[in-house]
Amino acid sequence: MTDPEGTAAAPAAPSGNGAKPIFEAQGVVKRFGGIRAVDGASMRVREGSITALIGPNGAGKTTFFNVITGFYRPDGGGATFEGRPVLGQTPYAIARRGMVRTFQITKALAAMPVIDNMMLAAPNQPGERLVNLIAHPREWRRRETEVHDQAMELLDVFDLSKLADTYAGHLSGGQRKLLELARALMTKPRFLLLDEPMAGINPTLGRRLLEHMQRLRTEAGVTFLFVEHDMEVVMGHSDRVVVMAQGRVIADGKPDEVRTDQAVIDAYLGGG
Amino acid sequence: MTDVLPLAVSFEALTSMGFWLGVGVIAGAYTIFTLGLQLNVGFTGIYNFGQAGFMAVGAYSMAIFVTDTGINFWLALPLSMLITIAFGLIVGLPSLRLRADYFAIATIAASEAIRLTALNARDLTGGAQGIFGFGDSWESLQDTIEGWLMDLGWSDPDTLAPLFIVVWIVAIGLTFLLSRVQGTPWGRVLRAVREDEDAARALGKNAYSYKLQSLAISAALAAIAGFFLAINLAFVIPDEFGPTFTFVGYSMLVLGGLASYWGVAIGAIIFETLLEGLRFIDLPISEVKIAALRFIILGLILIGLMAFRPQGILGKREEMVLGD
């Protein structure tokens, strides 16, 4: 993943510098028993940026993700999304606001066809409420057709349209990662949080995933925060890098600044 | 009733219309009962083991409304369904937040609590003797249907024929309705919750609310099954609503196949036919032993099914394998 070509495809577009934050966390704490997995983490994600969240194993990146997306109840701190509080809300409420996450271990809905995975994610489907099935049969059917077309278009972009009717469980690991990203995009997110999107997929597919992110940022204005293990992977592809170690944010800056940051080097070399 | 549940071992009974209509009525009631389990287990992934308890609430509410308060039978039915739905919500609100296995235990406990209440709250439920005398309205409908059957040329319709016809119209209607609903966006969210609750939540779906809805509808179906069971027996007693009823429903569910509403009817018919048909095994052993042998044979058939067709008769193997 340390190829120079990948670096060449890096942000030509607005780097998000100086833009207002779309997301801001202040002193977020999450304890498990006596362990403070997230220990007062604070960070900002600038609107329109691709921000990488990196850190050594056990730094609390995934826990932080789970707290800010509502999957874990926070033990302290605060966070805002688009200026309004977000910490402590339920996962589905956060997702509906346009702050949508994916998972480290892909959660493809295996026993559902790919197309159903996609259509499920579409917002504003009146047919998801029982009363509307009878009360507004036309409306939900119309929305269903609309959503189906959008889903097929997106699957096309990700080279998955031929697999539309295949059970998601039959996809390869890499295809599942793509499906999960495509599915998240069906929700029309403004802020996408990807937990190790490149883990377990081959470098070519990983590069394509990064290209998709770049394109979505420029074309749809989606802001990205993605967790990554490997520092080198993120350097060429992100405008901002946030580094976590031992439950705290220890550095936040442009890739080059972070790379040379002494605290970061120490953390990665096990100095902490 | 004795001609419906024969204890005598005779070939004549095996070919008797009245006997098989009786089996058909039970299979129909079980179908409606198990449709609820299919909705919960096959499509939502929640293991409701309290279905017999919900059935008891439905049947007892109806019986109490009609005999104690004098409410019209036809009005008592929807009212009892509403009460059962309320019970489903009361059980589900706290327990659906639990992990799947704890939820299963919580529901079986709720179901037993309901049965034991029915057994002991004698003023309300008549205790072990149960409640009689709620069937007048049904009997007048039964007479009407018998009249229609005679008009159609059936000179002497069996007394169970009207109930058989009505229970299966309802069972098939509900199966059709549920299959249709499953194909809607609402049904798609249910399946997503079954597959992975967290993924559904991450996509903006309130998984908890869908699980509650699933349980409430299932409870309503149990209530309907309870009405038919009560009409068939002409009384309600606590013994009818033990956990075994739920377990038999699960056997039918697995036999017919998970995630297939039409499989439920097939599972119920095959199971009941085998169970009742096996009464007529002619062996030189005592009736008690034959009664036990029925369940042994049925058990072996179910084990065989699991070995050779684990997805059940109409279940999709792919969905089962990919499910976890």
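Cut-offs and rules
- Residues numbered from 1 in each chain as written.
- Chains lettered and ligands numbered in written order.
- Predicted model: local features only at pLDDT ≥ 70, side-chain atom pairs only at ≥ 80, totals over all residues.
- Helix = DSSP H or I, 4+ residues; strand = E, 2+ residues; numbered from the N terminus.
- Rg over C-alpha atoms; globule rule 2.2 N^0.38 Å.
- Buried ≥ 20, exposed ≤ 12 C-beta atoms within 10 Å, placed from the backbone.
- Contact = placed C-beta atoms within 7 Å.
- Pairing = 2+ DSSP bridges.
- Right-handed = clockwise from strand over helix to strand, strands pointing away.
- Nonpolar A, V, L, I, M, F, W, Y, C, P; charged D, E, K, R; others polar.
- Core = buried A, V, L, I, M, F, W, Y, C linked by C-beta atoms within 7 Å.
- Expected span 1.5 Å × (residues − 1).
- Axes fitted to C-alpha atoms, helices over the stretch in contact; angles between N-to-C directions.
- pLDDT = per-residue confidence, 0-100.
- Parallel < 35°, antiparallel > 145°, perpendicular 65-115°, else oblique.

Q: Looking at this model, I keep getting lost on the overall build of chain A. Mind explaining?
A: Along its length, chain A carries eleven helices and ten strands. The C-alpha atoms of chain A give a radius of gyration of 19 Å, which matches the 19 Å a tight globule of 272 residues would have. C-alpha atoms of chain A, sized along the principal axes, occupy 60 × 40 × 35 Å. Sorting the 272 residues of chain A into buried and exposed places 49% on the buried side. For chain A, the share of sequence-separated contacts (at least 6 apart) that also reach a separation of at least 24 residues comes to 70%.

Q: Looking at this model, I keep getting lost on the overall build of chain B. Mind explaining?
A: When helices and strands are counted, chain B shows 15 helices and two strands. For 324 residues, the compact-globule formula gives about 20 Å, and the C-alpha radius of gyration of chain B, at 20 Å, lands near that figure. Principal-axis analysis of the C-alpha atoms places the extent of chain B at approximately 60 × 50 × 40 Å. Considering chain B as a whole, with its 324 residues, one finds that 49% of them fall into the buried category. In chain B, 74% of the contacts between residues at least 6 apart in sequence involve partners at least 24 apart.

Q: Explanation requested: the pairing of strand β8 (residues 223-228) of chain A in the structure shown.
A: Remember that side chains alternate between the two faces of the sheet whenever the strand is regular. Residue and element names in this part refer to chain A. Across the six residues that make up β8, a large majority, six, are buried. Going residue by residue along β8, you find T223, L225 and V227 tucked away on one face and F224, F226 and E228 tucked away on the opposite face as well. Sheet analysis places strand β7 (residues 191-195) next to β8, joined by five bridges and oriented parallel. Each bridged residue has a counterpart across the sheet, and for L192 the counterpart in β8 is F224. Viewed along the sheet, the connection from β7 through helix α8 (residues 203-220) into β8 turns out right-handed.

Q: Quick question: what am I supposed to make of the interface of chain B and chain A here?
A: Where the parts come together, the accessible area they lose is often given as the size of the interface. Counting from both sides, the interface comprises 23 residues of chain B and, opposite them, 28 residues of chain A. If you list the elements that add at least two residues to the side of chain B that touches chain A, you get α9 (185-195), α10 (197-202) and α15 (317-323) of chain B. Sorting elements by how many residues they give to the side of chain B that touches chain A places α9 of chain B first, with seven residues. The class makeup of the residues in the side of chain B that touches chain A is nine nonpolar, five polar and nine charged.

Q: What should I look at first to understand the nonpolar core in this one?
A: As a rule of thumb, soluble globular proteins bury nonpolar side chains together. If you look at the biggest cluster of nonpolar residues, it comprises 173 residues, and the most contacted ones within it are V243 of chain A together with M55 of chain B. Counting residues per element, this core draws most heavily on helix α11 (residues 207-233) of chain B, at 16 residues. What V243 of chain A contacts, discounting residues up to four positions off in sequence, is I54, G55, V249, I250, A251, V258, V264 and A267 of chain A.

Q: What exactly am I supposed to notice about α8 of chain A here?
A: An α-helix turns once per 3.6 residues; consequently, residues spaced three or four apart project the same way. The first and last C-alpha atoms of α8 of chain A sit 25 Å apart over 18 residues, in line with the 26 Å expected at 1.5 Å per residue. Just downstream of α8 of chain A, G221 of chain A is the residue with a positive phi angle, here 70°.

Q: Please clarify how the sheet that holds strand β4 (residues 76-81) of chain A should be interpreted in this entry.
A: The strands that make up a sheet pair up through hydrogen bonds in the backbone, lying either parallel or antiparallel. Residue and element names in this part refer to chain A. Spatial ordering of the open sheet is given by β2-β1-β4-β5, a layout of four strands whose pairing is antiparallel. If you trace the sheet from one side to the other, it starts and ends with β2 (35-46) and β5 (84-85), each paired once. Bridge count for strand β1 (residues 21-32) against β2 is nine bridges, and the pairing is antiparallel. Counterpart to E24 in the pairing with β2 is R44. Running at roughly 110° to β1, helix α2 (residues 61-68) makes contact with β1, β2 and β4 of the sheet.

Q: Would you mind showing me how to read the sheet that holds β7 of chain A here?
A: All names here are of chain A. Strands sit in the order β6-β7-β8-β3-β9-β10 across an open sheet of six strands; the sheet is mixed. Because the sheet does not close on itself, it has two edges, and the strands there are β6 (99-101) and β10 (248-253). Each strand axis lies, on average, 20° off the axis of its neighbour in the sheet, ignoring direction.

Q: Would you mind going over the confidence of the model for chain A with me for this structure?
A: All names here are of chain A. Overall, the predicted model of chain A reaches an average pLDDT of 88, with 92% of residues at or above 70. Averaged pLDDT values over the elements of chain A bottom out at 39 in helix α1 (residues 4-8) and peak at 97 in helix α3 (residues 91-96). Contacts of residues 1-17 to residues separated by more than four positions or lying in other chains number 27 contacts, the stretch itself having pLDDT below 50.

Q: I tried to follow the environment of S161 of chain A on my own but got confused; where do I start?
A: Residue and element names in this part refer to chain A. Residue position: S161 is located in the loop between α6 (137-157) and α7 (173-186). On a C-alpha basis, the gap between S161 and V114 in space is 8.8 Å, while along the polypeptide they are 47 residues apart. Here S161 is in contact with M152, L155 and D156, once residues within four sequence places are set aside.

Q: What is the right way to read helix α3 (residues 51-69) of chain B from this model?
A: Residue and element names in this part refer to chain B. Taking 1.5 Å as the rise per residue, α3 with 19 residues should run 27 Å; its terminal C-alpha atoms sit 26 Å apart, in good agreement. Of all 19 residues making up α3, 16 are buried, and the element is well covered by its neighbours. Positioned one or two residues after α3, G70 has a phi angle of 70°, which is positive.

Q: When you look at the packing of helix α8 (residues 161-182) of chain B against helix α13 (residues 261-277) of chain B in this model, what are you seeing that I'm missing?
A: To characterise two packed helices, one gives the angle between the axes of the helices and the distance between these axes. Residues and elements named next belong to chain B. Running from N to C, α8 and α13 cross one another at 150°; their axes reach a closest spacing of 8 Å. Taken together, the axes of α8 and α13 lie roughly antiparallel to each other. For the pair formed by α8 and α13, the contact residues are A171, T175, L178 and S179 on the first element and Y261, W262, V264 and A265 on the second. Residue composition of the contact of α8 with α13, grouped by class: six nonpolar, two polar and no charged.

Q: Whenever I open this one, the packing of helix α2 (residues 17-42) of chain B against α11 of chain B confuses me. Can you help?
A: Residues and elements named next belong to chain B. The interhelical angle for the contact between α2 and α11, taken along N-to-C directions, is 170°, at an axis separation of 8 Å. The angle between α2 and α11 falls in the class roughly antiparallel. Here V25, G28, A29, I32, F33, L35, G36, L37, L39 and N40 of α2 come into contact with α11, specifically with S214, L215, I217, S218, L221, A222, I224, A225, F228, L229 and N232. A class-by-class count of the residues in the contact of α2 with α11 yields 15 nonpolar, six polar and no charged.

Q: Would you mind going over the confidence of the model for chain B with me for this structure?
A: Close reading of the predicted structure is inappropriate where its pLDDT is low. A residue-level look at chain B finds 95% of positions with pLDDT of 70 or above and a mean pLDDT of 91. Listed scores for the predicted complex are pTM 0.90 and ipTM 0.88.

Q: In this structure, what is going on with the environment of L302 of chain B? I would like to understand it.
A: Residues and elements named next belong to chain B. Mapped onto the elements, L302 comes out in helix α14 (residues 287-308). By the C-beta count within 10 Å, which is 15 here, L302 ends up partly exposed. Taking the C-alpha atoms as reference points, L302 and V254, 48 residues apart in sequence, are found 8.8 Å from one another. Discounting chain neighbours no more than four positions away, the residues touching L302 are S251 and L255.

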